[in-house]
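Coordinate analysis (summary)
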Amino acid sequence: MFPWRSRGRNYEAELQKFRPEPFLVEFGEYHPLKPIMVTDTKTRRGARKGSTSSSSSSSSVPTDPLSSMLDGTDPLSMFAAASASEAPRIKRDKEEDPLGPDFEPWSSKRGEILARFTTTEKLSINLFMGSDKGKAPSPGSAVSEKVRTRLEELDDLEEGSQRELLNLSQQDYANRIEELNQSLKEAWAADQKVKALKIVIQCAKLLSDTSVIQFYPSKFVLITDILDTFGRLVYERIWTMCSDPRPLPDGFTVDDVNDTAKETCLNWFFKIASIRELLPRLYVEAAILKCNRFLSKTGIQEILPRLTAMIRGIGDPLVAAYARAYLCRVGMEVAPQLKDNLNRNFFDLLGTFRQISGENVQNQLVLQRVEVPEYLTLYSPAINWILQCIAYRAPESLLTEMMERCKTLGNNALLLNSVMRAFRPEFVAARATDFIAMIKDCDEAGFPKHLLFGSLGRSLACADPPESERLTILNEAWKVVTKVRSPQDYINCAEIWVEFTCRHFTKREVNTILADIIKHMTPDRAFEDAYPQLQSAIRKILLYFHNFSVLFSIERFLPFLDMFQKDSVRVEVCRSITDVFLNALTLEDEKRSLALLIIGFIRMVSFGRDFEQQLSFCVEARATFCNLEPVLVQLIHTVNQLAMETRKVMKGNHSRKTAAFVRACAAYSFITIPSLSNIFSRLNLYLLSGQVALANQCLSQADAFLKAAVSILPEVPRSISVEGKFRSSENFLLDFINNFLATLLVVPDHPEHGVLYLVRGLLNMVQDYTWEDNSDAKVRVYTSALPLLAAMSQETYLYSIPKMDSNETLYGGDPKFLSEINKLCETLIGQILDHLKALSKDESIRRQGALAFSLFGVVLAHGDLRNNKLSQLSVNLWNLSHKHGYCETRMSVRTLECIKHQAQQHDMTHLTDVVQRLALQSRT
């Protein structure tokens, strides 16, 4: 047993000692905006690792105010010390016009494409993965020999074993592609770079297969995910090679790249150049396009036109369109300022449209029983993406040019649709009448006009056309929409135009639209397949009609609601209209949604200074919403806040009445908390309510809350559900116990329950609780309790509650009280040391070291090390924590420096002997 004695603390003196000293500034010589001369030493990475050259220059640039503290090694100081010669490069980087948040990324389109382009046809995957023959080069082989061997391995792709998977469903196909993606990552992690490249090549070959043409856009999404993974792995690999001794800056140039990294990068491009087939060679090179930054300042600018020209060799127009989309995608990621290449790809795509009416494509459509309109929609994702890239931050004049090109091509409907979706809505809205004229001239057979009006409607929902043209626009659009025979096609388009009508017209026009929707969707109960679109129409109406009297005076509004005949949908619609709907049998998601609405309402209710009326409202709300736990939690928070505000407003006036009201608030919480099912909600609210009671000097109520919290600790399960997933409750419980311990410092002992009865009660519960196997949680609680007990032994406590006596006043440093504290500390330390001894096995030594170092810190901070045995204990804990080398060296060094600094203080000189016995040990 180690005798414990807490060291005395003068918190006020310590605060003053570590408060920064004021520094007198001569304003005649100093101004915060005055330039400071700094000397910059620029190090240039040479041809090989370790080869550097240095040059010094002085420049007048603002320095980082923290640089003197951090010795200029942190990123902010390095930036501040950048020489004037770097300024043009920084400026040039900023002028590259990187993509901003207003650019919709490809990732946001991925899910929509996969959901839209589906098939019930059986799919196949045909892979040639190589025969893995050949002999690995010996360690002494020359680099050229290694390169030759790897090229031979790539040639082996043509001779390898065939792996063909047939009769796959769409989901099976997606799963197999994901398995290939995982195989790629595993091969890369195992340093099997050639195998990784083989996987990518074979996946790229799959993009030449259009046997199930309806699925091609989704196949493109899945395959390019693998290509993206490969490109990222290669780039990160080369980046890492030239990040020694320090990482490359974001705006690095080819001069910052060492020769080893350049050689590796070139090797990758040589491997890809050896791929025989055009399509995989094109895709794989595009995937690592960004790596050209390591080789040349103008490499990307030169390679993009070459790759664009290569796509002209692809015979299938659909395959070529998506190849162009992928090239534009990677081009936008690495060089968004190169607009010419985007335009060249788009114009090449326009040139392939005549192939659609050619014999090859038509025969393919007949063979797969695909109609031309359906086939044309397959191009939409590719064309939309290319046009989005072109239209990004483009001037309005470019839209005019595109409209002229559409007219030149005979108002190609597919192209016109993509143009309207790509350019800014305000540009399209300003030319809405011109677009309607172009839509009228389009061929109905090639691309349905209602789809074109749908795209126009989306733009007009975001931007307003000229006021004088709005009625004409609505009439022309609805002439086309109302003639659509398919109920699904009709409602998809009509729902878009509902917002335009509500936004710019009265209830009369809205009533006409609703009547037409009812007319189309009622026959054969077509509305049952269109609930999402009908709900969207309701939301748009509610967005613009806030007056219920006006809303329900729309003649066809209630008949429109009658189409929602599915109970769950009807409930959802009614809730969206009233925002208040409650049912005891509501699903959990519905309960959460309703609870949020009710909580928002409760937070808005205020009776000013009539606190009793506010409490009465909370009582009634508890009875009404007793089955909504989040609402009950909010009510308890509201009542606690009410108790605190009452004390603040009264400021001592009517003290008896105030105390009675605070006790009523405490009673409300004490009655309500047990009805909660979530154990941690109960624990935290018991603690919060106890803290509020303490702040209001209601000691008996505070005592009841804190004892209730301790009593339910055994009910905490070992795992709890967090966002639908089961997780260990251990960390949540430790967080609560630490907060509870911090509160106990200001809680005075009850005269009938003995010394430290709440502390002892908590520790007994911790002792009896069933912790997880191989858990250190109990010992961590014991370690956390030691600082609390040390703080309780001080003459003046670190913090207290005004107008309330804590144990520092009740005991007044009574030796018996201090003796009880020391005995409890000794018991806890004994328990911790027993646990450390049990962790001597190999698999537990890391945990042993961490716990020993934690206890060392507590003993150092709170123990009186003038006691030889306690001093020896600290040295033993230090040695144990470093015994196996798992202790972090940086933390150990900082700890030693801190002890040395403390030892220089007049009342801490005894630490000099301790620090001399603390040695750093490395792992052997």
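Residues numbered from 1 in each chain as written. Predicted model: local features only at pLDDT ≥ 70, side-chain atom pairs only at ≥ 80, totals over all residues. Heavy atoms only, no water.

Scanning the protein chain for helices and strands turns up 44 helices and six strands. Residue burial in the protein chain is summarised as follows: out of 924 residues, 48% are buried. Across the protein chain, every contact between residues at least 6 apart in sequence was considered, and the portion connecting residues at least 24 apart equals 72%. (Helix = DSSP H or I, 4+ residues; strand = E, 2+ residues; numbered from the N terminus. Buried < 20%, exposed > 50% of the residue type's maximum accessible area, 1.4 Å probe, protein only. Contact = heavy atoms within 4.5 Å.)

Once that is clear, we can look at unusual backbone geometry. Phi angles above zero are rare outside glycine, and Asp-191 is one such case at about 65°. A positive phi angle is found at Asp-524, which is not glycine, with a value near 60°. Relative to the helices and strands, Asp-524 resides in the loop between helix H25 (507-521) and helix H26 (531-544).

Helix packing geometry: the angle between the two helix axes and the distance between the axes. The contact between helix H35 (residues 699-711) and helix H37 (residues 757-768) brings their axes to 9 Å, and the two run at 15°. Relative to H37, the element H35 is oriented roughly parallel. Crossing of H35 against H37: the hand is left-handed. For the pair H35 and H37, contact is made by Asp-703, Leu-706, Lys-707, Val-710 and Ser-711 and by Tyr-757, Leu-758, Gly-761, Leu-762 and Met-765, respectively. Looking at side-chain class alone, the contact of H35 with H37 contains six nonpolar, two polar and two charged residues. (Axes fitted to C-alpha atoms, helices over the stretch in contact; angles between N-to-C directions. Parallel < 35°, antiparallel > 145°, perpendicular 65-115°, else oblique. Left-handed = near helix turned anticlockwise from the far one by under 90°. Nonpolar A, V, L, I, M, F, W, Y, C, P; charged D, E, K, R; others polar.)

Most often, soluble globular proteins keep nonpolar side chains buried together rather than apart. Membership of the largest hydrophobic core comes to 173 residues, with the highest contact counts inside it found for Leu-456, Trp-497 and Ile-517. With residues near it in sequence (within four places) discarded, Trp-497 still touches Phe-453, Gly-454, Leu-456, Gly-457, Leu-460, Ile-473, Leu-474, Ala-477 and Trp-478. (Core = buried A, V, L, I, M, F, W, Y, C linked by side-chain atoms within 4.5 Å.)

This paragraph deals with the pattern of salt bridges. Any two side chains of opposite charge can pair, given that their charged atoms come close. The final tally for this structure, using the stated rule, is 28 salt bridges. The residue Arg-329 makes a salt bridge to Asp-228 at a minimum N-O spacing of 3.1 Å. Residue Arg-329 is located in helix H13 (residues 317-334), and its partner Asp-228 is located in helix H9 (residues 216-241); the two are separated by 101 residues in the primary sequence. Overall, the relative accessible area of 4% leaves Arg-329 in the buried class. Residue Asp-228 is classed as partly exposed on the basis of its relative accessible area of 25%. Among the ionic pairs, Arg-431 bridges to Glu-396, the shortest N-O distance being 2.6 Å. (Salt bridge = Lys/Arg side-chain N within 4 Å of Asp/Glu carboxyl O.)

So, about the packing of aromatic side chains. For the coordinates displayed, the defined rule picks out 37 aromatic pairs. Ring plane angle 65° and centroid distance 6.1 Å describe the contact between Phe-500 and Phe-505, whose orientation is recorded as edge-to-face. By the burial criterion, Phe-500 is buried, and Phe-505 matches it. Relative to Phe-705, the ring of Phe-670 lies with its centre 5.5 Å away and its plane at 70°, an arrangement referred to as edge-to-face. Of this pair, Phe-670 sits in helix H33 (residues 655-672) while Phe-705 sits in helix H35, and the two are 35 residues apart along the sequence. For Phe-705, a relative accessible area of 1% puts it in the buried group. Clustering of aromatic rings is evident, with ring pairs tying together Phe-103, Trp-106, Tyr-216, Phe-220, Tyr-283, Tyr-322, Tyr-326, Trp-385 and Tyr-392. The side chain of Lys-290 reaches across the aromatic face of Tyr-235, ending 4.4 Å from its centre. Taking the ring centre of Phe-347 as reference, the NZ or CZ of Arg-405 above it sits at 3.8 Å. (Phe/Tyr/Trp six-rings, centres within 6.5 Å; stacked < 30°, edge-to-face > 60°. Lys NZ or Arg CZ within 6 Å of the ring centre and 35° of its normal.)

A word on a nonpolar patch on the surface. A grouping of Phe-548, Phe-552 and Leu-558 is seen on the molecular surface, where their side chains present a nonpolar patch of about 270 Å² in accessible area. Inspection of the secondary structure assignment puts Leu-558 in helix H28 (residues 557-561). (Patch = residues over 30% accessible without salt bridge, like charges linked within 9 Å, V, L, I, M, F, W, Y side chains within 5 Å. Areas by Shrake-Rupley, 256 points an atom, 1.4 Å probe, with all protein chains shown as cover.)

Here Asp-749 is to be found in the loop between helix H36 (730-744) and H37. For Asp-749, which is buried and forms no salt bridge, the nearest opposite charge comes from Arg-760, at a distance of 7.9 Å. A polar contact is formed between the side chain of Asp-749 and the backbone nitrogen of Leu-756, at a distance of 2.9 Å. Within the structure, Asp-749 has its side chain in polar contact with the side chain of Tyr-811 (distance 2.8 Å). (Lys, Arg positive; Asp, Glu negative; His and termini not counted. Polar contact = N/O pair within 3.5 Å; in protein donor to acceptor, adjacent residues only side chain to side chain.)

Attention now goes to the pairing of strand S5 (residues 719-722). One ladder, built from four bridges, connects S5 with strand S6 (residues 725-728); its direction is antiparallel. Along S6, the bridge assignment pairs Ser-721 with Phe-726. Remark: two residues form the turn of the hairpin made by S5 and S6, two consecutive strands paired antiparallel; Glu-723 in that turn has positive phi of roughly 55°. (Pairing = 2+ DSSP bridges.)

A low pLDDT score tells you not to read the predicted coordinates there in detail. Per-residue pLDDT for the protein chain averages 82, and the proportion of residues at 70 or more is 84%. Confidence drops under pLDDT 50 across residues 130-143; counting only partners more than four residues distant or on other chains, this segment forms 16 contacts. Confidence drops under pLDDT 50 across residues 157-161; counting only partners more than four residues distant or on other chains, this segment forms 15 contacts. (pLDDT = per-residue confidence, 0-100.)

Our focus in this paragraph is the side chain of Ser-881. In this fold, Ser-881 is placed in helix H42 (residues 868-882). At a separation of 2.7 Å, a polar atom in the side chain of Ser-881 contacts the main-chain carbonyl oxygen of Trp-878. The contact partners of Ser-881, leaving out residues within four places of it in the chain, are Gly-849, Ala-852, Phe-853 and Cys-887.

On to helix H17 (residues 380-391). Here H17 contains 12 residues, and its C-alpha end-to-end distance of 16 Å stays within 8% of the 16 Å for a straight helix at 1.5 Å per residue. Of all 12 residues that make up H17, 12 are buried, and the element is covered over most of its length. Within the span of H17, buried status applies to Ser-380, Pro-381, Ala-382, Ile-383, Asn-384, Trp-385, Ile-386, Leu-387, Gln-388, Cys-389, Ile-390 and Ala-391. Immediately downstream of H17, the backbone of Arg-393 shows phi near 55°, a positive value. (Expected span 1.5 Å × (residues − 1).)

Moving on to the environment of Glu-715. With respect to the helices and strands, Glu-715 occurs in the loop between H35 and S5. Remark: the alpha-carbon pair of Glu-715 and Ile-679, spanning 36 residues in sequence, is separated by 7.5 Å. Apart from residues no more than four positions distant in its own chain, Glu-715 is found in contact with Ile-679 and Arg-682.

Put simply, H35 and H36 touch, their axes get as near as 12 Å, and they point 150° apart. Between H35 and H36, the angle is such that the two are roughly antiparallel. Considering only the axes of H35 and H36, their crossing is left-handed. Between H35 and H36, the contacting residues are Leu-706, Ala-709 and Val-710 on the first element and Phe-736, Phe-740 and Leu-744 on the second. When its residues are assigned to classes, the contact of H35 with H36 shows six nonpolar, no polar and no charged.

Another aspect to go through is the state of the cysteines. Taken as a whole, this structure holds zero disulfides when the rule is applied. Cysteine Cys-442 is unpaired, with the sulfur of Cys-406 as its nearest cysteine sulfur at 8.2 Å. Judged by its relative accessible area of 5%, Cys-442 falls in the buried class. (Disulfide = S-S within 2.5 Å.)

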